[in-house]
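Residues per chain are reported as follows:
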Amino acid sequence: MKATPFTDVHIALGAKMHEFAGYNMPIEYSGILDEHMTVVNGVGVFDVSHMGEFWVKGPKALEFIQSVTSNDASVLPLGKAQYTCFPNEKGGIVDDLLVYHYEPEKYLLVVNAANIEKDWNWCVSHNTVGAELENASDNMAQLAIQGPKAKEVLQKLTPVDLSAIPYYAFTTGEFAGCKPVIISNTGYTGAGGFELYFNPKDAMTIWNAIFEAGKSEGIKPIGLGARDTLRLEMAFCLYGNDLDDTTSPIEAGLGWITKFVEGKNFTNRAELERQKKEGVARKLCAFELIDKGIPRHGYEIADAEGNVIGTVTSGTMSPVLKKGIGMGYVKTPFSKAGSEIYIKVRNRNLKAKVVKPPFRK
């Protein structure tokens, strides 16, 4: 298993460790519920150094990004980030990712840990315009500091005015005496906060400084378990669960990151444009259980008569709502908010209703 620059400290702190995307990663420390509420109400730190980072450089950088991603990167100003995806040739998704406009003719793509090799091969094989690509995944560490108290903790460690960085914007500067550090107002928890990208040699300096600065705010390290429950309460998609090579961005409710602008001829544009115009047979929906129970990935979804109409892609017991919540693909007529559906758990059909996301308002 691969290690991040923080693996030894996770083990020393007594984290429950498990393999994830080829890395030895912390699943939980004090427990998923405690860690989840720490982030919702205070501040927590996630090691996300397993994520992948690719640089795209040169005069053809934007042209390349426009050809392989669904969103319109031509409108992305310097210092801003954009959520997007790599569509495949079959109407599915290779991966979802962030694009950072770092400098003129220089972009950073941040991809999912489990897909680094797949995404890199995809980018290289689809680089028909001659953009300069660099896989920097092994030369970059990343921490996500999330929660309503994240900004006040981090502000103690940088001369950069964090209040001046809007959501989905970033800057590069000094942090805990280290530079360059990318300081990004992003995160996948819905609780606010920042993500930091830096050289692995600075990892422990930055880790120790953050935990020292956050002592009075009750800062805690957070594992992948709570990362999953936090993103699910916001109904954020997880690749491998809610998105994969067979799910289209239109089916997944990601039409807002699929831009059919003039001159942007991205992979499989014609098919996705057809789907947007003509509609799709199934859609990803968010649902809350009315009956007691916990929906899980792979459970069947049925209508009132017991006919199977879809499948659960993500599910959990919501720490904030104290009820079962989930997402899943259902036949389109059942995807509207207020629709009554049933989750098949063993030999029982648990009543649920489709709701407008996010779950945690």
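**Considerations on the overall build of the protein chain**
1) Next: Assigned secondary structure in the protein chain consists of eight helices and 19 strands.
2) Next: Since a compact globule built from 361 residues should have a radius of gyration of about 21 Å, the 21 Å found for the protein chain is in line with a globular shape.
3) Next: With the principal axes as the frame, the protein chain shows a C-alpha extent of 65 × 50 × 40 Å.
4) Next: Contacts in the protein chain between residues far apart in sequence, at least 24 positions, make up 65% of those at least 6 positions apart.
5) Next: Here the protein chain has roughly 15,200 Å² of accessible surface; of this, 53% comes from carbon and sulfur atoms.

**Some remarks on the sheet that holds strand β14 (residues 282-289)**
1) Next: Spatially, six strands are ordered β14-β17-β16-β15-β18-β19 in a closed barrel, and the strand pairing comes out antiparallel. Adjacent strand axes in the sheet meet at a mean angle of 45° when their direction is disregarded.
2) Next: Two elements, strand β15 (residues 300-302) and strand β18 (residues 340-345), share two bridges in a ladder whose sense is antiparallel. Bridge pairing links Ala302 to Tyr342 in β18.

**Comments concerning the sheet that holds strand β4 (residues 52-57)**
1) Next: Reading across the sheet, the five strands line up as β5-β6-β7-β4-β8 and stay open at both edges, with antiparallel pairing between neighbours. Each edge of the sheet is formed by a strand with only one pairing partner; in this case those strands are β5 (81-87) and β8 (132-135). Shown here is a sheet whose adjacent strand axes are inclined to one another by a mean of 30°, direction ignored.
2) Next: In terms of strand pairing, strand β6 (residues 93-103) meets strand β7 (residues 106-111) through six bridges, oriented antiparallel.

**Structural notes on the nonpolar core**
1) Next: Phe46, Tyr83, Tyr100, Leu108, Val110 and Leu243 are the most contacted members of the largest nonpolar core, which has 40 residues in total.
2) Next: Residue contributions to this core peak at four residues, all from β6.
3) Next: Contact partners of Phe46, with chain neighbours within four places excluded, come to Val39, Gln142, Leu143, Ala144, Gln146, Thr189, Ile222, Gly223, Arg227 and Leu230.
4) Next: By size, the runner-up hydrophobic cluster in this structure holds 31 residues, among which are Val43, Leu157, Leu162 and Ala169.

**Observations regarding the packing of helix α2 (residues 32-41) against helix α7 (residues 224-233)**
1) Next: At a minimum axis distance of 8 Å, the contact between α2 and α7 shows a crossing angle of 55°. By the angle between their axes, α2 is oblique relative to α7. In this structure, α2 crosses over α7, and the sense of that crossing is right-handed. Across the interface between the two elements, Ile32, Glu35, His36, Val39 and Val40 of α2 pack against Gly225, Ala226, Thr229, Leu230 and Glu233 of α7.
2) Next: When the residues that make up the contact of α2 with α7 are grouped by side-chain class, the tally is five nonpolar, three polar and two charged.

**Quick word on the pattern of salt bridges**
1) Next: In total, this model carries 18 salt bridges according to the counting rule given.
2) Next: Between Glu63 and Lys60 there is a salt bridge; the shortest N-O distance is 3.4 Å.
3) Next: Since its relative accessible area comes to 40%, Glu63 is described here as partly exposed.
4) Next: Taken together, the salt bridges that share partners define one network made up of Lys57, Glu132 and Glu134.

**Examining the side chain of Gln275**
1) Next: Relative to the elements of secondary structure, Gln275 occurs in helix α8 (residues 269-278).
2) Next: With residues up to four places along the chain from it excluded, the contact list for Gln275 reads Ser248, Ile250 and Val280.

**Some words on the side chain of Glu195**
1) Next: Considering the arrangement of structural elements, one finds Glu195 in strand β12 (residues 193-198).
2) Next: Arg227 provides the closest opposite charge to the buried, unpaired Glu195, separated from it by 5.0 Å.
3) Next: For Glu195, the side chain forms a polar contact with the side chain of Thr186, separated by 2.6 Å.
4) Next: If near-sequence neighbours (up to four positions away) are discounted, Glu195 is found in contact with Leu98, Tyr100, Gln142, Leu143, Ala144, Gln146, Ile182, Ile183, Ser184, Thr186 and Gly187.

Reading the values: rules and limits
In this convention, every chain numbers its residues from 1, walking through the sequence in written order. Residue-level local features of this predicted model are given only where pLDDT is at least 70; pairs of side-chain atoms are given and counted only at 80 or more, and the full residue set underlies all totals for whole chains, interfaces and linings. Hydrogens and water molecules were not included; the side-chain quantities draw on all heavy atoms of the structure. Think of it this way: any DSSP run of H or I at least four residues long counts as a helix, any run of E at least two long counts as a strand, and we number them from the N terminus. Between the two quantities, the radius of gyration covers C-alpha atoms and the globule rule is 2.2 Å times the number of residues to the power 0.38. Any pair of residues with heavy atoms lying within 4.5 Å of one another is described as a contacting pair. Per-residue and other accessible areas follow the Shrake-Rupley method at a 1.4 Å probe size, with only the shown protein chains counted as cover for residues. Here a strand pair is declared whenever DSSP counts at least two bridges between the two strands. Here, axes are lines fitted to C-alpha atoms. For helices the fit covers the stretch in contact, and angles between N-to-C directions go from 0 to 180 degrees. The definition of a nonpolar core used throughout is a set of buried Ala, Val, Leu, Ile, Met, Phe, Trp, Tyr and Cys residues joined through side-chain atoms within 4.5 Å. Residue burial is assigned from relative accessible area. The probe radius is 1.4 Å, only protein chains are included, and a residue is buried under 20% of its type maximum, exposed over 50%, and partly exposed in between. Any angle that falls under 35 degrees is termed roughly parallel, while one over 145 is termed roughly antiparallel, one within 65 to 115 roughly perpendicular, and all others oblique. Here a crossing is taken to be left-handed if its near helix is turned anticlockwise relative to the far helix by less than a right angle, and right-handed if that turn runs clockwise. When residues are sorted by character, Ala, Val, Leu, Ile, Met, Phe, Trp, Tyr, Cys and Pro go into the nonpolar class, Asp, Glu, Lys and Arg into the charged class, and all the rest, Gly among them, into the polar class. Salt bridges, as used here, are contacts in which a Lys or Arg side-chain nitrogen is within 4 Å of a carboxyl oxygen on Asp or Glu. Here the positive residues are Lys and Arg and the negative ones are Asp and Glu; neither His nor the chain ends is included. Polar contacts, as counted here, are pairs of nitrogen or oxygen atoms within 3.5 Å of one another; within protein the pair requires one atom able to donate a hydrogen and one able to accept it, and residues that are adjacent in sequence qualify only if both atoms are side-chain atoms.

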